[in-house]
Amino acid sequence: MKPISPCCFICSGKIEKGTTTFVLDLKSSLIVIRNVPALVCTQCGEEWIEDSTAIELEQITERAKAHDIQVEVVSM
Ligand SMILES: [Zn+2]
């Protein structure tokens with residue numbers, strides 16, 4: 001795996017570890033996942049989610065879909 005660039009590729013700003021809120025609107029259901037670990041640009045606010053985090057988000061999404069949940073708010 002390549003090391004994550006310390007600079008934002010959009011504005012070259014500084015990137016810091018933080019958290020974000022992930023919202024997924026599936027029409028039949030709305031999934032909100034809070035406290036998602038992310039890398040955030042301190043300058044333009046662009047956010048990146050790491051692969052391992054993306055997999056976890058997908059698992060939460062699949063579970064919500066399988067249970068036919070209309071609104072799911074979870075915290076990572
Ligand atoms: Zn930036």
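Anyway, here's the lowdown on the structure attached to this text. For every chain, the first residue of the written sequence is number 1, and numbering continues from 1 along that sequence. Owing to the predicted nature of the model, reporting of local features is limited to residues with pLDDT of at least 70; listing and counting of side-chain atom pairs is limited to 80 or more, with chain, interface and lining totals taken over all residues. With hydrogens and water stripped out, all remaining heavy atoms of the structure feed into the side-chain values.

**Observations concerning the pairing of strand 4 (residues 71-75)**
Burial of strand 4 is one-sided: the residues E72 and V74 facing one way are buried, the residues V71, V73 and S75 facing the other way are not. Pairing between two strands is assigned when DSSP locates at least 2 bridges connecting them. What counts as a helix is a DSSP run of H or I of at least four residues, what counts as a strand is a run of E of at least two, and both are numbered from the N terminus. Pairing of strand 2 (residues 30-41) with strand 4, which is carried by five bridges, proceeds in the parallel orientation. If you follow V32 over to strand 4, its bridge partner there is V73. Throughout this description, buried means an accessible area under 20% of the type-specific maximum (1.4 Å probe, protein chains only), exposed means over 50%, and partly exposed covers the range between.

**Examining the coordination of the zinc ion**
Taken together, the protein donors to the zinc ion comprise C8 (SG), C11 (SG), C41 (SG) and C44 (SG), at separations of 2.3 to 2.4 Å. Metal-centred angles of 101 to 113° between the four donor atoms at the zinc ion mark the site as tetrahedral. Water is not part of the atom set, so a site may look incomplete; the donors themselves are N, O and S atoms within 2.8 Å of the metal, or 3.2 Å for Na, K and Ca. Between consecutive donor residues of the zinc ion, the sequence gaps follow C-x2-C-x29-C-x2-C. The exposure class of C41 is buried, given its relative accessible area of 2%. Taking relative accessible area as the criterion, C44 reaches 41% and is therefore assigned partly exposed. Labels for metal geometry use angle windows, namely 85 to 135 degrees for all angles of a four-donor tetrahedral site, and for square planar (four donors) or octahedral (six donors) sites opposite donors over 155 degrees apart plus all others within 65 to 115; sites meeting none of these are irregular.

**With respect to a nonpolar patch on the surface**
Two joining distances apply to patches: 9 Å for like charges and 5 Å for nonpolar side chains (Val, Leu, Ile, Met, Phe, Trp, Tyr), and every residue must have over 30% relative accessible area and no salt bridge. Every accessible area reported is derived by Shrake-Rupley at a probe size of 1.4 Å, with residue values counting cover from the shown protein chains alone. By convention in these notes, a salt bridge is any Lys or Arg side-chain nitrogen within 4 Å of a carboxyl oxygen on Asp or Glu. On the surface, a nonpolar cluster with roughly 340 Å² of combined accessible area is contributed by V23, L30, V71 and V73. Positionally, V23 belongs in strand 1 (residues 15-25).

**Notes on the pairing of strand 2**
Alignment of strand 1 against strand 2, held across ten bridges, turns out to be antiparallel. Opposite E16, over in strand 2, you have V40 as the bridge partner. Hairpin connection between strand 1 and strand 2: a loop of four residues separates the two successive antiparallel strands, and K27 in this loop has a positive phi of roughly 70°. Summarising the sheet, strand 2 and strand 3 (residues 47-48) pair through two bridges and their orientation is antiparallel. From the neighbouring strand, L39 faces strand 3, where its bridge partner is W48. Counted along the chain from strand 2 to the antiparallel partner strand 3, the turn is five residues long, and its residue G45 has a positive phi close to 85°.

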